[in-house]
Amino acid sequence: MNKLLFILLLCLSCMSARANDTAGYVLPTGGVVFEKQDGIKMKTEALYIRPGQIEVNYLFENTTGKDITTQVFFPLPQMPAVETFPQGALAHDYEFKLWVNNKPVKYEKNWTILSGETDITALVPVLFYTEEEIISEAELDRRVEMLQPKERQPFIDKNILKYGWILDPARGEVQAWEMTDAWQKQLSYSWQQTFPAGKTVSVRHTYVPTAMTTNVGTPFSKCIDEDSQKYQDFVFIPENERTYSWQHLDAQDYVEYILTTANNWQGPIENFNLLVESPLKSVGCFDGEAFYGGPYFAVNRQKYTPEWDISVDFIAKGSIARPYHPKSEPVLYRVDGPANVRKEPNGKIVGEMKDGTYVWVWPEEKQGSWYPVLQNGLQGYTHKQNLIKVF
């Protein structure tokens, strides 16, 4: 890290100011800039996505001979700052929680708001009361009207707001202050972190993502063609399994996760592990391609460089219960092997896991010394002597 950036990070950390962690800094105007951080490697990532919660565990390593102190950011995907239908203001509680080396850590919230491609972060605090809230077009009009003329004028001068027509759910189409271009908000959480020379640091955080849904049950993932025969067959419900008149399962919740910011660390992710859990099935985009998963979809890769972000549609029969409770919690293990995977405890061998690879395990569902495991598409049981817990 150059001296200028190091000093800037130290100064900005004293200021008040839905994704892989990345290094960066906060601009004096409030926006966030993500920077590449050499000297720190992401050795392991365990990403667990399920309805209503995302959990991520990381193991970082400082590969240099000196301590490195930097501001670490966890950015969420972009979301609309203003929408047509929310009544008044909607503040989503992300319930973000952070642990470093198994100890809770305080963090800061940062946000960036764009009008089209123009950064308006410095202007909008007079219109938004919290970083998380999403307001309706009608509420935006009300708040603009409440501004003093001198507070409102910069929005007019920069062609960010104009007086026009909006759709008010309560009153229909009315004249009001409206955006000249859609406003997109990106929220991120940050904390200052010291990575000791030659040592590892574990980071864990959980949060409740925003989830989009429609009342017609169609998927949002761009690489899923809802009209394709593959998708129609995937969500089809056999007649003997139908409830009421439903013939197809519905895509209920849609979430996104920013994975490409991992490229801001040194080299590829040494061990990348993804697990998507759904009540019945899931579809989505991983590595730029469509995936179709059952109750679980798992990816375990070594030396992984992400080029695309992740999207997931959870497929269910009707709505998904809130809060969603998994049958048991998955845990990431390393294989001390090679290790056989059996169809059932001490049963027929269905595959083999290589020594040093990583695997998802459900310890709470063990049968004696046999643990249920899932590695990529290989699922079954292996003996506990073949497993070493990672997180």
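As the structure is a computational prediction, the values presented were derived from the model and not from experiment. (Residues numbered from 1 in each chain as written. Predicted model: local features only at pLDDT ≥ 70, side-chain atom pairs only at ≥ 80, totals over all residues. Heavy atoms only, no water.)

*Asks:* Looking at this structure, how should I read the state of the cysteines?
*Replies:* By definition, a disulfide links the sulfur atoms of two cysteine residues through a covalent bond. This model, assessed by the stated rule, comprises 1 disulfide. At a sulfur-sulfur separation of 1.9 Å, the disulfide partner of Cys223 is Cys285. Every disulfide takes its handedness from the sign of the S-S torsion; for Cys223 and Cys285 that torsion is -125°, giving left-handed. Note that Cys223 is positioned in the loop between strand 17 (200–207) and helix 4 (229–235) and Cys285 in strand 20 (residues 281–286), a separation of 62 residues in sequence. Exposure remark for Cys223: the relative accessible area of 27% places this residue in the partly exposed category. A relative accessible area of 12% means that Cys285 is categorised as buried. (Disulfide = S-S within 2.5 Å. Helix = DSSP H or I, 4+ residues; strand = E, 2+ residues; numbered from the N terminus. Buried < 20%, exposed > 50% of the residue type's maximum accessible area, 1.4 Å probe, protein only.)

*Asks:* Looking at this structure, how should I read the sheet that holds strand 23 (residues 310–316)?
*Replies:* Within a beta sheet, neighbouring strands are joined by backbone hydrogen bonds and run either parallel or antiparallel to one another. Taken together, the 4 strands give an open sheet; going across it, the order is 18-23-20-21, and neighbouring strands pair in antiparallel fashion. Both edges of this open sheet fall to strand 18 (250–257) and strand 21 (289–293), since each of them pairs with a single strand only. Here the strands of the sheet are splayed against their neighbours by 20° on average, with no regard to which way each runs. Here strand 18 pairs with strand 23 via 7 bridges, running antiparallel. Of the residues in strand 23, the one forming a bridge with Tyr257 is Ile310. (Pairing = 2+ DSSP bridges. Axes fitted to C-alpha atoms, helices over the stretch in contact; angles between N-to-C directions.)

*Asks:* Help me understand unusual backbone geometry in this model?
*Replies:* Leaving glycine out, the prevailing phi sign among residues is negative, and the prevailing peptide bond configuration is trans. The peptide bond linking Gly337 to Pro338 adopts the cis configuration, its omega dihedral lying at 20°. Residue position: Pro338 is located in the loop between strand 24 (331–335) and strand 25 (339–342). A positive phi is found at Glu95, a non-glycine position, where the angle reads about 50°. With respect to the secondary-structure elements, Glu95 resides in the loop between strand 8 (89–91) and strand 9 (97–100).

*Asks:* It is not clear to me how the packing of aromatic side chains should be interpreted in this structure. Could you clarify?
*Replies:* Counted under the stated rule, the structure contains 20 aromatic pairs. Seen in terms of ring centroids, Phe96 and Tyr107 are 4.9 Å apart; in terms of plane orientation they differ by 85°. Their pairing is edge-to-face. One end of the pair, Phe96, is in the loop between strand 8 and strand 9; the other, Tyr107, is in the loop between strand 10 (103–104) and strand 11 (108–115), and 11 residues separate them in sequence. Using a relative accessible area of 5% as the deciding quantity, one classes Phe96 as buried. With relative accessibility at 30%, the residue Tyr107 sits in the partly exposed group. Here a set of aromatic residues connected by ring pairs shows up, and it is made of Phe74, Phe96, Tyr107, Tyr189, Tyr207 and Tyr257. (Phe/Tyr/Trp six-rings, centres within 6.5 Å; stacked < 30°, edge-to-face > 60°.)

*Asks:* It is not clear to me how the layout of surface pockets should be interpreted in this structure. Could you clarify?
*Replies:* Where empty space is left in the structure can be found by rolling a water-sized probe over the atoms. Approximately 300 Å³ is the volume attributed to the second largest pocket. Among the secondary structure elements, those contributing two or more residues to the lining of the second largest pocket are strand 18 and strand 23. Of the residues that constitute the lining of the second largest pocket, the class distribution is 8 nonpolar, 3 polar and 3 charged. (1 Å grid on protein atoms, 1.4 Å probe; cavity = no way out; pocket = protein on both sides within 12 Å on 5 of 7 lines; lining within 4 Å. Points joined across faces, edges and corners; volume = space filled by probe spheres on them. Nonpolar A, V, L, I, M, F, W, Y, C, P; charged D, E, K, R; others polar.)

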